[in-house]
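Notes for the structure review
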Amino acid sequence: MRPSARKWRLASSFPRESNRRATVEAAEAMNGDASQKAEVTVPDAVDLEAEFRASNVQEVLDQLDRELVGLGPVKTRIREIAALLLVDRVRRRLNLTSETPTLHMCFTGNPGTGKTTVALRMADILHRLGYVRQGHLVAVTRDDLVGQYIGHTAPKTKEVLKKAMGGVLFIDEAYYLYRPENERDYGQEAIEILLQVMENQRDDLVVILAGYKDKMDRFFQSNPGMRSRIAHHIDFPDYTPEELLAIGKLMLAQQNYRLSPEAEEVFKDYIRRRMQMPHFANARSIRNALDRARLRQANRLFASRGKPLTREQIMTIEPADLLQSRIFRETVQPPG
């Protein structure tokens, strides 16, 4: 938006810094009259640490550390993006930049590696630094965007975009939007609408595409316009067995459960076996395994309901609650 002819002032949040007057040309917004001079207050220096504290971004980064085990490279990249945005905001204060940076992203990795959680925290960071108005996340898949008949796709896609405006649109398995083998597929229409909005309204919406790395690479090869609009590509690595154990214990603790020492050894074995089986989904598979263990534990406790149960017994997962899993029947002990 062009400034009006009246004077406007960028207020400094630092009382000790000296200010200098800078004169800029401002066009008349209403009728295109001759430009007039408007005064802008531009600070000589800024305190980046104070800006960082005022944004409360560290609170979001700390929350990300608490929520997600491991993912060191991902967390480092998120901190780098946060630093870039903070410096960009300071540059605006110093009248050094005027164009909103491109913030659309691509998260690649296997299921259960924390992509949606990181997208939620990214939306919060963008909001706290003033790059989106609301900071909410709208998570969708192909079915939410693409219609099944002519004239159905555009309204669906535009409705989703309307809900996401002012925040972040997270498109999981985004490569399914493009199906060249199906001549009657309407995914390309959704892509064209997305491309237009990503370019023309990038100051009010950030789009994050997510999916398997190899499939996203093929998607970008077939849609170079989409690749050119993505500024940040972040790869989410698989978790190690040790990280998955820590994730499992954290999940249990959040629900007031714990593994007995013997059950922890069994669970380590379970993780090693499960990682070698098809359809392994990292933290998602761990969560499903623990849900089933809690079910078995409840049945075990119910079977002994004639005896008083201590708080510790009700909280503790025992080896029997894990060993009943089909994983121990369908796999052999992996090496190591």
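This section reports on the structure supplied with the text. Residue numbers here run from 1 along each chain, matching the order of that chain's written sequence. Given that this is a predicted model, residues contribute local features only at a pLDDT of at least 70 and side-chain atom pairs are listed and counted only at 80 or more, while totals for whole chains, interfaces and linings are drawn from all residues. Side-chain descriptors were evaluated using all non-hydrogen atoms of the structure, hydrogens and water having been removed beforehand.

Comments concerning the sheet that holds strand β3 (residues 105-109)
Read from one edge of the open sheet, five strands run β4-β5-β6-β3-β7, paired in parallel fashion. In the strand order of this sheet, the two ends are held by β4 (137-140) and β7 (232-236), each with one partner. The sheet shows a mean angle of 20 degrees between the axes of neighbouring strands, taken without regard to direction. Here the rule is simple: two strands pair whenever DSSP picks up at least two bridges between them. Numbering of helices and strands runs from the N terminus, with a helix taken as a DSSP run of H or I at least four residues long and a strand as a DSSP run of E at least two residues long. Sheet topology note: the strand β5 (residues 168-172)/strand β6 (residues 206-211) ladder contains five bridges and is parallel. Within β6, the residue paired with Ile171 across the bridge is Leu209. Running over the sheet, helix α3 (residues 72-93) touches β3 and β7 and is turned about 160 degrees from β7. Against the sheet, helix α6 (residues 153-164) makes contact with β4 and β5, and its axis sits at roughly 135 degrees relative to β5, the strand it touches most. The angle between two axes is taken between their N-to-C directions and runs from 0 to 180 degrees, where each axis is a line fitted to C-alpha atoms and a helix contributes only its stretch in contact. We call two residues in contact when some of their heavy atoms are within 4.5 Å.

Considering the packing of helix α2 (residues 57-67) against α3
Here α2 crosses α3 at 170 degrees, and the two axes come no closer than 11 Å. What the angle tells us is that α2 and α3 run roughly antiparallel. Here α2 contributes Val57, Leu61, Leu64 and Asp65 to the contact with α3, which in turn contributes Lys75, Ile78, Arg79 and Ala82. Gly falls in the polar group here, along with every residue not listed as nonpolar (Ala, Val, Leu, Ile, Met, Phe, Trp, Tyr, Cys, Pro) or charged (Asp, Glu, Lys, Arg). Taken together, the residues of the contact of α2 with α3 sort by class into five nonpolar, no polar and three charged. Oblique is the label for any angle not under 35 degrees, not over 145, and not in the 65 to 115 range, which are roughly parallel, roughly antiparallel and roughly perpendicular in turn.

Some details on unusual backbone geometry
With phi around 60 degrees, Asn95 is a residue other than glycine that occupies positive phi space. Phi is positive for Glu173, close to 50 degrees, though the residue is something other than glycine. Within the secondary structure layout, Glu173 lies in the loop between β5 and α7 (187-200).

Quick word on the pairing of β4
Relative accessibility thresholds used throughout: buried, under 20% of the residue-type maximum; exposed, over 50%; partly exposed, between the two (1.4 Å probe, protein chains only). Because side chains alternate across β4, one face comprises the buried residues Val138 and Val140, and the other comprises Leu137 and Ala139, none of which is buried. Of the pairings in the sheet, the one linking β4 to β5 comprises four bridges and is parallel in character. The residue of β5 that forms the bridge with Leu137 is Val168.

Quick look at α6
Compared with the 16 Å implied by 1.5 Å per residue over twelve residues, the 17 Å span of α6 between its first and last C-alpha is a close match. Taken as a whole, α6 has its buried residues at Thr153, Ala154, Thr157, Val160, Leu161 and Ala164. Burial along α6 is one-sided: seen end-on, the buried residues are contained in an arc of 135 degrees. Exposed residues on α6 whose side chains face more than 90 degrees from its buried face are Lys158, Lys162 and Lys163. The inward-facing, buried residues of α6 abut β4, α5 (142-145), β5 and α7. Looking one or two residues beyond α6, the residue adopting positive phi is Gly166, at roughly 85 degrees. Working rule for helices: expected span equals 1.5 Å times residues minus one. Throughout, the arc means that of the directions going from the helix axis to the C-beta atoms.

Concerning the packing of aromatic side chains
Each pair of aromatic rings taken from Phe, Tyr and Trp, with Trp reduced to its six-membered ring, is defined by centres within 6.5 Å and is described as stacked if the planes are under 30 degrees apart, edge-to-face if over 60, and tilted in the remaining cases. Scanning the entire structure with this criterion turns up five aromatic pairs. Here Tyr270 and Phe328 contribute two aromatic rings whose centre-to-centre distance is 6.2 Å and whose plane-to-plane angle is 50 degrees, an arrangement assigned as tilted. Residue Tyr270 is located in helix α11 (residues 261-275), and its partner Phe328 is located in helix α15 (residues 327-330); the two are separated by 58 residues in the primary sequence. Accessibility assignment for this pair places Tyr270 and Phe328 in one class, buried. Here a set of aromatic residues connected by ring pairs shows up, and it is made of Phe267, Tyr270 and Phe328.

Section: the nonpolar core
Grouping buried Ala, Val, Leu, Ile, Met, Phe, Trp, Tyr and Cys residues that are joined through side-chain atoms within 4.5 Å yields what is termed a nonpolar core. In this structure, Ile78, Phe107, Ile125, Leu126 and Phe267 are the most contacted members of the largest nonpolar core, which totals 55 residues. Other than its neighbours up to four places away in sequence, Ile125 contacts Val57, Val60, Leu61, Ile78 and Ala82. Core analysis: the second largest hydrophobic core is formed by 31 residues, Leu161, Leu195, Leu209 and Met226 among them.

Concerning the pattern of salt bridges
It is possible for side chains of opposite charge to pair when their charged atoms get near one another. Put simply, a salt bridge is a Lys or Arg side-chain nitrogen that is within 4 Å of an Asp or Glu carboxyl oxygen. Considering all chains together, one arrives at 18 salt bridges under this definition. Between Arg229 and Glu199 there is a salt bridge, with its nearest N and O atoms 3.8 Å apart. Of this pair, Arg229 sits in the loop between α9 (224-228) and β7 while Glu199 sits in helix α7, and the two are 30 residues apart along the sequence. Taking the relative accessible area as the measure of exposure, Glu199 reaches 36% and is therefore partly exposed. Notably, a salt bridge pairs Lys213 with Asp217, separated by 4.0 Å at the nearest N-O pair. A residue pair is termed a helical-turn pair when its members lie 3 or 4 positions apart in one helix, as Lys213 and Asp217 do in helix α8 (residues 213-222) at four residues. Judged by its relative accessible area of 44%, Lys213 falls in the partly exposed class. The network of salt bridges with shared partners includes Glu51, Arg89 and Arg93.

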